[in-house]
There are 2 protein chains.
Amino acid sequence: MALVKRSSAAAAVTSGPIDDIFAALAQRPDVVSFAVGAPDPALLSTELVSSLSLDAIRKYGSTVLQYGMTQGFAPLLDEARNLLRNRHIRCSLDSMHISTGGSGALHNVCSALLDPHDVVLVETPTYGPAVKEFGSHGATVVGVPSDDFGIVPEALEEALARYDVAFVYVLPTFQNPTGRTMPTERREQIAEIVVRRGTSIVEDDVYSDLRYRGVSPPALCSFAPDNTIYITSLSKTLAPAIRVGITVMPPDLLHSVLALKQGIDMQTSTYCQAIAAEFLGSAAGAAHLAHVIDAYSAKLDTLVDAVERHFPQGFRWLEPEGGMFLWVEGPRGFDADALLGTALREGVAFLPGSVFYADGDADHRNTMRLSFANVPRADIDRGIAVLAALCEDTA
Amino acid sequence: MALVKRSSAAAAVTSGPIDDIFAALAQRPDVVSFAVGAPDPALLSTELVSSLSLDAIRKYGSTVLQYGMTQGFAPLLDEARNLLRNRHIRCSLDSMHISTGGSGALHNVCSALLDPHDVVLVETPTYGPAVKEFGSHGATVVGVPSDDFGIVPEALEEALARYDVAFVYVLPTFQNPTGRTMPTERREQIAEIVVRRGTSIVEDDVYSDLRYRGVSPPALCSFAPDNTIYITSLSKTLAPAIRVGITVMPPDLLHSVLALKQGIDMQTSTYCQAIAAEFLGSAAGAAHLAHVIDAYSAKLDTLVDAVERHFPQGFRWLEPEGGMFLWVEGPRGFDADALLGTALREGVAFLPGSVFYADGDADHRNTMRLSFANVPRADIDRGIAVLAALCEDTA
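Keep in mind it's a predicted model, so treat the numbers as computed, not measured.

A. Structural detail: the pairing of strand β4 (residues 140-144) of chain B. Residue and element names in this part refer to chain B. Here strand β3 (residues 119-123) runs beside β4; their pairing, made up of five bridges, is parallel. Residue pairing for β4: Glu 123 is matched across the bridge by Val 144. For the crossover that starts at β3, traverses helix α6 (residues 128-136) and ends in the parallel β4, the hand is right-handed.

If you want it as structure tokens, here you go:
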């Protein structure tokens, strides 16, 4: 069967450098890894999930084990509406669905919107797995110049004039990989453009609950509700393995998405949805989130402090107000891709920023993404000291 | 945004008559419904799932809440191998993955294999949602004449000679909708054909653990391991809402499938996978399965008895040895599609057999699928008496 024809989707998707890094890391538990964008295992509360599981079963009985509506479990849809209201998103039930994590949401949406050769506009840099997903649908991904506040309005106008665009994909809050957040004014500008041009925008917002200081701008969706497909998930606050995402979109698009989701996975686990509903609706859930925020906030402080003390001149970084990532830019000529092998040998891992550029442009090899969520706080300073010394040697 | 262009996948998938029936049923809890192919809620054990959940958390700790391998949770892959061995499937770890239910498995496989205009061969009748899924990938679905033992070998030869086929899709054991099982000899014949012709076959096998009498033939996969993609799930034995499927395929195809699954849903819930591993590996799980088999077996007996006593002459049915379905064929001229509205008014529901034919051929309007799993045993005789009387009036 080695000669079986693969689909064009399969041909478009291959494992990339990130996979190789993770494969290498799996062999090296001693490495201080700023590469992994996963939650701190110490903040994944088995006690909380045990008690939420039992609460869900007690409250809803065997309903949590049975087939349910493809759209989602009603009590979770209700709780999700409250969550969204806090982000200034007012939505009706006929515009929401529960997906199998944030990636499930993006896949559902891509399935409903993308055909081969469609164009998707993305920020530069942007979330790599999303680019891969767009590619699996045969889409052409075009990076739009972006600054410290996200996609640049003038550049977006230009790209929209040049291409017939299926949608624009953005991560406005604590972006993966840069940690940057689009301020309210920029959101208004972007929203005005997409509304005026009748374009759709996909807002991927899975980090906004992890805010350690400052005030959250309203979701981009709130400025262009009829043009925005909004995606969030509980992977970063409750647990990735619960695989629950929440998505808002115009009702007529939702109709298509749900028809496709029936074939994609029928529905998201009702059991996991019920656990998620209990999480969102309980004081224990709120207390857990507060604890997670405190812990990550302390790690971010430690990381910023370490970077300030150890990194050589010529390096700059964006200090985020939340999320899981610190983005470091070295001087021109600094080559993070080339540094990675040495760093791994010296016991430190990070992701080269170049993997987050859709065009694979060699211009971005001076950038690095440092994830701090998954690193034990006690290891942060030591890891950064080693990495900074290597940067000094090679920059 | 009402004018946003949809993908060809979205255009191909619309809600069908089954959706309408379920929408009607949702309003009528008084109806005795032989329409719903879901497990008996009384056999979805909240006690078992509570204890499996706590066991999983105790055993694996926060690992069950964290991101994990896209391929699946290692302890579940191990347990799955034992399950498969009982079905005469010997497989190595590099040929398996855990999917988000059986539908998730089928979607992953279709994503890796299907392009628009590819041809998929199916049995007649066949599982409707699978046809819908193939259609969403743009495939042309061709029904191959089948008898009480499944797809007819000569007809398969003819179809393979006529079409360039992406794969053949079969449900050899307790087929949905007919309940029929392909005997060992037929499996050998079908396997010989696909091997000789270098064709792939997708074996959808989600009911084989629900055997109430007789002996299981080996999985079709065991006769053509290099040509078969084998799909099973725990939805019918543990719980649909756990959304755990198990899939076996040649390793090089698995490589493509996993690359795509990263974008489809990243991974199946580790928590649900750990619960599934505990189910498969525990005495409590085995005891639960035995209990489920006893209860469904009694329901099937009650149903067959009722059908024999009430149905008028000219109707025939296949008595299955397991699964959830009884397939009834009326005399020529009997119109199950036309009967459905009256039946619903009289308080009985079923699925017209015509919805299970890929070609929508009007020749099959004399068939009905009766699901017995979800109907309280005490209601079966009464429901069949009403339905049989209506059949007598209209046949």
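B. Molecular detail of the sheet that holds strand β11 (residues 316-318) of chain A. All names here are of chain A. Taken in spatial order, the four strands line up as β11-β12-β15-β14 in an open sheet, and their pairing is antiparallel. Of all the strands in the sheet, the pair left with one neighbour each is β11 and β14 (351-352). The pairing of strand β12 (residues 325-329) with strand β15 (residues 367-371) spans five bridges and is classified as antiparallel. Bridging from a neighbouring strand, Trp 327 pairs with Arg 369 of β15.

C. Spotlight on the interface of chain A and chain B. On the side of chain B, 65 residues touch chain A, which itself brings 64 residues to the contact. Every element with two or more residues in the side of chain A that touches chain B is listed here: α1 (8-12), α3 (46-60), α5 (101-113), α6 (128-136), α10 (251-264) and α11 (270-281) of chain A. Here the element with the most residues in the side of chain A that touches chain B is α10(A); it accounts for eight residues. When grouped by side-chain class, the residues that make up the side of chain A that touches chain B number 31 nonpolar, 25 polar and eight charged.

D. Representation of the relation of the copies chain A and chain B within the structure. For the pair chain A and chain B, the relating rotation is 180°, the translation along its axis is 0.0 Å, and the fit reaches an RMSD of 0.0 Å. Both chain copies can therefore be described as sitting about a two-fold axis. Looking at chain A, 100% of its interface residues are interface residues in chain B too, so the copies touch through the same face.

E. Representation of the environment of Ile293(A). Residues and elements named next belong to chain A. Residue placement: Ile 293 occurs in helix α12 (residues 283-310). Spatially, the C-alpha atoms of Ile 293 and Ala 277 are 20 Å apart, while their sequence positions differ by 16 residues. Once residues lying within four places of it in the same chain are set aside, the contact partners of Ile 293 are Leu 210 and Tyr 212.

F. Main features of the sheet that holds strand β11 (residues 316-318) of chain B. Read from one edge of the open sheet, four strands run β11-β12-β15-β14 (chain B), paired in antiparallel fashion. Each having just a single partner strand, β11 and β14 (351-352) of chain B make up the two edges of the open sheet.

G. A look at the domain arrangement of chain A. All names here are of chain A. Its domain assignment divides chain A into domain 1 (8-44 + 286-394) and domain 2 (66-282). One C-alpha centre belongs to domain 1, the other to domain 2, and the line joining them spans 24 Å. At the interface, 32 residues of domain 1 touch 33 residues of domain 2. Listing elements by their share of the side of domain 1 that touches domain 2, those giving two or more residues are α1, α12 and β12.

H. The arrangement of the pairing of β3(B) in detail. All names here are of chain B. Burial analysis of β3 places four of its five residues in the buried class, which makes it a mostly covered element. Of the pairings in the sheet, the one linking β3 to strand β7 (residues 165-170) comprises four bridges and is parallel in character. In the sheet register, Val 119 faces β7, and the bridge partner there is Val 165.

I. Region of interest: unusual backbone geometry. All names here are of chain A. The peptide bond linking Thr 124 to Pro 125 adopts the cis configuration, its omega dihedral lying at -10°. Within the element layout of this structure, Pro 125 appears in the loop between β3 (119-123) and α6. Each neighbour pair has its own omega, and for Asn 176 with Pro 177 the value is 20°, a cis peptide bond. By secondary structure assignment, the location of Pro 177 is in the loop between β7 (165-170) and α8 (184-197).

The rules behind these values
Residues numbered from 1 in each chain as written. Chains lettered and ligands numbered in written order. Predicted model: local features only at pLDDT ≥ 70, side-chain atom pairs only at ≥ 80, totals over all residues. Pairing = 2+ DSSP bridges. Helix = DSSP H or I, 4+ residues; strand = E, 2+ residues; numbered from the N terminus. Right-handed = clockwise from strand over helix to strand, strands pointing away. Contact = placed C-beta atoms within 7 Å. Nonpolar A, V, L, I, M, F, W, Y, C, P; charged D, E, K, R; others polar. Least-squares fit on C-alpha atoms with pLDDT ≥ 70 in both. Domains from an automatic or database assignment. Buried ≥ 20, exposed ≤ 12 C-beta atoms within 10 Å, placed from the backbone.

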